[in-house]
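This is what each chain is made of:
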Amino acid sequence: MSIKEYLIEDRYNIGFVKNRLEDVINGDRIQVNWMKHEYKDRWFADPFILDITDDHYIVLVEEWYDPIKRGRISKLTIDKHSHILIHLKTILELDSHLSFPFIQRDNGCIYIIPENSATGILPRYKYDLSTDEVFFDSIICDDKLTDSVLFEYNDQQLLFSTKLPDANGKDLGIYHKGKDGTYVQYDTYHFDENLSRMAGDIFTCNGRLYRPAQVCIKSYGDAVSLQEIIYNDGKFAFKEIRRIYSPSKKYDLGFHTFNVYNGHVVVDGLGFRRPFISHFFKAIWHIIKR
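Here is what the cut-offs are and how they apply
Along every chain, residues carry numbers that run from 1 in the direction the sequence is written. Local features in this predicted model are restricted to residues of pLDDT 70 or higher, and side-chain atom pairs are both shown and tallied only at a pLDDT of 80 or more, whereas totals for entire chains, interfaces and linings draw on every residue. Where side-chain values are given, they derive from all heavy atoms of the structure, hydrogens and water being excluded. Here, a salt bridge means any Lys or Arg side-chain nitrogen found within 4 Å of an Asp or Glu carboxyl oxygen. In this description a helix means any DSSP run of H or I spanning at least four residues, a strand means any run of E spanning at least two, and both kinds are numbered starting from the N terminus. Nonpolar cores were defined as sets of buried Ala, Val, Leu, Ile, Met, Phe, Trp, Tyr and Cys residues, with membership established by side-chain atoms within 4.5 Å. Residue burial is assigned from relative accessible area. The probe radius is 1.4 Å, only protein chains are included, and a residue is buried under 20% of its type maximum, exposed over 50%, and partly exposed in between. Contacts between residues were defined by any pair of non-hydrogen atoms, one from each residue, lying within 4.5 Å. Note on pairing: DSSP must find at least two bridges between two strands before they are called paired. When the centres of two rings from Phe, Tyr and Trp lie within 6.5 Å, Trp using its six-membered ring, the rings pair. Their planes under 30 degrees apart give stacked, over 60 give edge-to-face, and anything left gives tilted. The rule is short: NZ of Lys or CZ of Arg within 6 Å of the ring centre and within 35 degrees of the ring normal puts a charge over the ring. The definition of a polar contact used here is a pair of N or O atoms within 3.5 Å, where within protein one atom must be able to donate a hydrogen and the other to accept one, and adjacent residues in sequence count solely through side-chain atom pairs. Helix axes are fitted only over the stretch in contact, all axes being lines through C-alpha atoms; the angle between N-to-C directions runs from 0 to 180 degrees.

Student: Describe the pattern of salt bridges, and please don't skip the residues or the numbers.
Tutor: Counting across every chain of the model gives 15 salt bridges. Residue Asp23 is joined to Arg20 by a salt bridge in which the shortest nitrogen-to-oxygen separation is 3.2 Å. Between Arg243 and Glu193 there is a salt bridge; the shortest N-O distance is 3.0 Å. In this pair, Arg243 is assigned in strand β18 (residues 235–244) and Glu193 in the loop between β14 (183–190) and β15 (203–205), connecting sequence segments 50 residues apart.

Student: Describe the nonpolar core, naming the residues involved and giving the relevant values.
Tutor: Counting 41 residues, the largest nonpolar core has Ile91, Phe160, Ile202 and Phe236 as the members making the most contacts within it. If near-sequence neighbours (up to four positions away) are discounted, Ile91 is found in contact with Leu60, Ile73, Ser74, Lys75, Ile112, Tyr127, Asp132 and Val134. Val24, Ile25, Tyr210 and Tyr251 belong to the second-largest nonpolar core, a separate cluster that totals 20 residues.

Student: Provide a residue-level description of the pairing of strand β6 (residues 85–92), including the pertinent values.
Tutor: The side chains of a regular strand alternate, first on one face of the sheet and then on the other. When strand β5 (residues 70–79) meets β6, the two strands line up antiparallel, connected through six bridges. Bridged to Lys75 within β6 is Lys89.

Student: Can you tell me about the side chain of Asn13, naming the residues and giving the values?
Tutor: Among the structural elements, Asn13 can be located in strand β1 (residues 10–17). Residues within four places of Asn13 in sequence aside, it is in contact with Trp34, Met35, His37, Phe44, Tyr251, Val267, Asp268 and Gly269.

Student: Could you give an account of the side chain of Glu228, with specific residues and numbers?
Tutor: Along the chain, Glu228 turns up in strand β17 (residues 223–232). Classification of Glu228 by relative accessible area gives buried; the value is 14%. Among residues more than four places away in sequence, those in contact with Glu228 are Arg208, Leu209, Tyr210, Ala237, Phe238, Lys239 and Ile241.

Student: I'd like a rundown of the packing of aromatic side chains, residues and numbers included.
Tutor: Tallied over the full model, the rule gives 20 aromatic pairs. For the ring pair Tyr39 and Phe44, a centre distance of 6.3 Å and an interplane angle of 75° mean the geometry is edge-to-face. Since its relative accessible area comes to 34%, Tyr39 is described here as partly exposed. Overall, Phe44 belongs to the buried group, its relative accessible area being 0%. Among the aromatic side chains, those forming a connected cluster through ring pairs are Phe151, Tyr153, Phe160, Tyr189, Phe191, Tyr231, Phe236 and Phe238. Positioned over the ring face of Phe238 is Arg211, at 5.2 Å from the centre of the ring.

Student: How would you sum up the environment of Asp180? Please name residues and give values.
Tutor: With respect to the secondary-structure elements, Asp180 resides in the loop between β13 (171–177) and β14. In this structure Asp180 comes out as exposed when scored by relative accessible area, which is 61%. Among the polar contacts made by the side chain of Asp180, one reaches the side chain of Thr182 at a distance of 2.8 Å.

Student: So what's going on with the sheet that holds β14? Which residues, and what values?
Tutor: With respect to topology, four strands assemble into an open sheet ordered β11-β12-β13-β14, the strand pairing being antiparallel. Lying at the two open borders of the sheet, with one neighbouring strand each, are β11 (145–153) and β14. Sheet twist, expressed as the average angle between the axes of neighbouring strands with direction ignored, equals 25°. As judged from the seven bridges shared by β11 and strand β12 (residues 156–163), these two strands associate in the antiparallel manner. Note that in β12 the partner of Glu152 across the bridge is Gln157.

Shown next, in the form of structure tokens:
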């Protein structure tokens, strides 16, 4: 690692939104309780809530582990009151990068559909909650999909996703489930800005359906765009309700996940690993470049 890379090294962390979901939709400034942990050799992003108990949040995340320079899927148990990480367990690790552990709940079973575009496929894994074991189940799309979300609408099994080589661009792929059980693209929605990449699972609030999307205009994952999903004459359209930037000075570089489960919202934020030094270095660097 060069001196410059060291000085501007960043990392993600996850947090839990204190506001009610309805208030977030209506435009309130969000407040976040960020997770506390002691790890220096890894960071956590792309959170999906697996379960909530009286005392704990149980979350699946991308765990980026510095020694191997790639992401893997891990389960975090976080104290609900102090927001301290009390247990970490890696449940899925491959030779290729893994992130965005989308959770599918289907007929009493739990499946994980992680982003694994490096292999050129979208795999599905069955997750045994009692043992934390993960088993390969199937390939649900033979394409380089990035941050895919499955959902059911009008009795159709559908999927929203972007794909390589333009994962952060303007085109959102719309897929349906074929007779062989795999998903095939049948339509594309084109945005005027880079707002296509998914930022989390689709959710409902007050009877309306919403899609969280990543804002990738200045850079990857600048902010989250909350978009109402509109369906007319067999076509999907999306209306942005609000755009949310990180409310944290510590994690002020990016904000690219927004996941809802049972009324609770989990997010992530990107910040410098050494904030004071990094901001000072960037300021000096801009002066020199002038």
